Amino acid sequence: MRTTVGIIGAGPAGLLLARLLHNAGIDSVVLESHDREYVEHRQRAGILEQGTVDVLRAAGAAERLDREGLRHDGIELRYARTRHRVDFPALTGGRSVTVYAQTEVCKDLIALQLADGGPLLFDTEALAVEDADGPSPRVRFRRDGVEETLECAYVVGCDGFWGVARRAIPDGRTFERTYPYSWLGILADVPPSHDELVYARHDRGFALLSMRSPAVSRLYLQVPAGTDADSWTDDEIWAELDRRLETDDDWTLQRGPITQKSVTPMRSYVHEPMRHGRLFLAGDAAHIVPPTGAKGLNLAVGDVVTLARALTHERDTGSPALLDTYSADCLRRVWQAERFSYDMTSTLHRAPDADPFEDRLQLARLERIAGSRAAGAELAEGYTGFPY
Ligand code: RFL
Ligand code: PHB
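What counts and how
- Residues numbered from 1 in each chain as written.
- Chains lettered and ligands numbered in written order.
- Predicted model: local features only at pLDDT ≥ 70, side-chain atom pairs only at ≥ 80, totals over all residues.
- Heavy atoms only, no water.
- Near = heavy atom within 4 Å.
- Polar contact = N/O pair within 3.5 Å; in protein donor to acceptor, adjacent residues only side chain to side chain.
- Areas by Shrake-Rupley, 256 points an atom, 1.4 Å probe, with all protein chains shown as cover.
- Helix = DSSP H or I, 4+ residues; strand = E, 2+ residues; numbered from the N terminus.
- Nonpolar A, V, L, I, M, F, W, Y, C, P; charged D, E, K, R; others polar.
- Disulfide = S-S within 2.5 Å.
- Buried < 20%, exposed > 50% of the residue type's maximum accessible area, 1.4 Å probe, protein only.
- Phe/Tyr/Trp six-rings, centres within 6.5 Å; stacked < 30°, edge-to-face > 60°.
- Expected span 1.5 Å × (residues − 1).
- Patch = residues over 30% accessible without salt bridge, like charges linked within 9 Å, V, L, I, M, F, W, Y side chains within 5 Å.
- Salt bridge = Lys/Arg side-chain N within 4 Å of Asp/Glu carboxyl O.
- Lys, Arg positive; Asp, Glu negative; His and termini not counted.
- Charge placed at Lys NZ, Arg CZ, Asp CG, Glu CD.

Caption draft 1: Inspection of the site of ligand 1 at higher detail. Taken together, 34 residues lie near ligand 1, and E32, H34, Q102, D284 and L297 sit nearest. S33 places a polar main-chain atom, nitrogen or oxygen, 3.1 Å from a nitrogen atom of ligand 1. Contact between ligand 1 and R42: an oxygen atom at 3.1 Å from a side-chain N or O atom of the residue. Alone, ligand 1 offers 1000 Å² of accessible surface; in the complex the protein occludes 89% of this. Every element with two or more residues in the shell around ligand 1 is listed here: α1 (12–24), β9 (124–130) and α8 (296–317). For the shell around ligand 1, the class distribution of residues is 14 nonpolar, 13 polar and seven charged.

Below, the structure is given as structure tokens:
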């Protein structure tokens with residue numbers, strides 16, 4: 001088997017890259033270890049930056065997003081039983097975000113790819129990338145129990161944090177933080193109790209109210225790292241959300257049947273460089289942010305837009321100049337997102353060893369965001385997205 005760009009992984013990064021390359025007339029093959037059902041239903045991100053929406057639109061992949069996505073012009077910060085709204089357009093010169101689940105982005109991209117794109121092979125596990133720094137790198141993969149080889153001009157590892165592509169970079173350097181807490185996330189069949197996302201700082205820990213649609217709520221609770229999702233009963237989850245989201249006014253949290261429950265560990269991670277020879281990394285394969293800033297999917301989109309542009313430039317001009325700056329170009333944006341996600345995480349979560357001094361600093365940071373236009377704009381600019 002032979003192709004121009006071999007893509008490992010059919011998450012948002014791999015699927016969007018395949019679409020951008022198809023639109024540019026560059027052929028690719030996508031190898032995905034899981035089945036279609038799994039990829040389309042794995043609950044993850046929910047927030048698309050304005051730039052991500054623009055990219056999906058330009059790629060012809062936003063028909064349903066434009067119909068069903070919910071535009072959000074702000075978020076609410078909740079602390080010390082008070083509520084403060086951060087108004088994105090007012091603080092950023094008109095920017096906003098869109099609530100549209102990652103599952104739906106993937107479904108839309110898969111449908112397009114299967115209709116008129118290059119091969120998208122599910123149940124196909126990449127085993128290794130070989131000869132990454134030679135003229136024709138290869139992906140060794142297994143399908144139906146048989147090992148085969150995909151010969152490529154370029155290989156792109158879009159295979160997430162646990163993938164195989166990163167291992168083919170011999171002299172990489174990693175930068176990492178793990179956090180002593182995780183998120184317990186639920187999906188519930190109940191209309192969201194607020195029309196915008198609510199990020200709550202509480203002495204008992206962080207809580208987040210988000211949504212998937214006008215009828216489905218997505219909520220998260222900070223829990224100790226290593227927590228088993230099944231150790232929390234549904235009633236305990238609602239009671240804890242009530243406590244952490246409580247306010248001095250008459251706001252109440254609506255309850256409904258919980259349809260899904262899972263725990264997500266929190267990690268910051270960057271692998272440098274994001275390229276070795278003809279192998280490129282994109283998305284979670286190269287970097288992880290804690291979910292507090294809602295940046296992971298948006299960073300993946302930024303990477304593949306940069307890469308598709310660089311590959312197209314080389315095809316059109318013969319110049320590898322943009323491929324040569326791919327890693328540095330992406331990493332500048334990645335580190336801004338790492339900084340933003342770290343700051344937002346440490347402002348809103350309560351570390352197990354936090355003392356009253358830390359608590360007061362967190363409250364002072366939140367009051368500063370509420371009281372200063374400059375501090376509010378700093379949050380709003382970061383949340384709505386860094387340019388690429
Ligand atoms: P993915 O989505 O992990 O996809 C990688 C794909 O590669 C496949 N794969 C392989 N295929 C073939 N051979 C192999 N050897 C393979 N190894 C792996 C996997 O099966 C998979 O299909 O990475 P990608 O495409 O880089 O996308 C990244 C995003 O998924 C991730 O950053 C976001 O989900 C992070 N994230 C959020 N991002 C946002 O922008 N906004 C949010 O609101 C947001 N919320 C979240 C999040 C992540 C969360 N979790 C569960 C980590 C909320 C949560 C709870
Ligand atoms: C989500 O809806 O899953 C979500 C929203 C905002 C975040 C993280 C996750 O910061």
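Caption draft 2: Structural detail: the state of the cysteines. Within this structure, the stated rule accounts for zero disulfides. With no disulfide of its own, C106 has C158 as its nearest cysteine by sulfur position, at a separation of 12 Å. Judged by its relative accessible area of 2%, C106 is buried.

Caption draft 3: Expanded view of the packing of aromatic side chains. Here the structure, examined in full by the defined rule, presents 12 aromatic pairs. Ring centres of Y154 and F280 lie 6.3 Å apart, and the angle between their planes is 55°; this geometry places the pair in the tilted category. In this pair, Y154 sits in strand β11 (residues 146–157) while F280 sits in strand β18 (residues 279–281), placing the two residues 126 residues apart along the sequence. Of the two residues examined, Y154 and F280, each falls in the buried class. In textbook terms, an aromatic cluster arises when at least three aromatic residues are bridged by ring pairs, as seen for F88, W183, Y199, F206, Y220 and Y383.

Caption draft 4: Molecular detail of the site of ligand 2. Taken together, the neighbourhood of ligand 2 is formed by 14 residues, with Y199, S210, R212, Y220 and P291 sitting nearest. In the model, an oxygen atom of ligand 2 is placed 3.4 Å from a nitrogen or oxygen of the R44 main chain. Side-chain polar atom of Y220 to an oxygen atom of ligand 2: 2.6 Å apart, as the coordinates give it. Relative to its free-state accessible area of 280 Å², ligand 2 is covered by the protein chains to the extent of 97%. Elements that contribute at least two residues to the shell around ligand 2 include exactly β13 (197–201), β14 (207–213) and β15 (216–224). Top contributing element to the shell around ligand 2 by residue count: β14, with three residues.

Caption draft 5: Broad picture of α1. The end-to-end C-alpha distance of α1 is 18 Å, a good match for the 18 Å that 13 residues give at a rise of 1.5 Å each. Where burial is concerned, most of α1 is hidden: 10 out of the 13 residues are buried. All of the buried residues along α1 are P12, A13, G14, L15, L16, L17, A18, R19, L20 and L21. Backbone geometry just downstream of α1 places G25 in the positive-phi region, at approximately 80°.

Caption draft 6: Structural detail: a negative patch on the surface. Residues D35, E37, D123, D144 and E148 make up a contiguous surface patch of negative charge. Along the chain, D35 falls in the loop between β2 (28–31) and α2 (36–41). What makes D35 partly exposed here is its relative accessible area of 34%.

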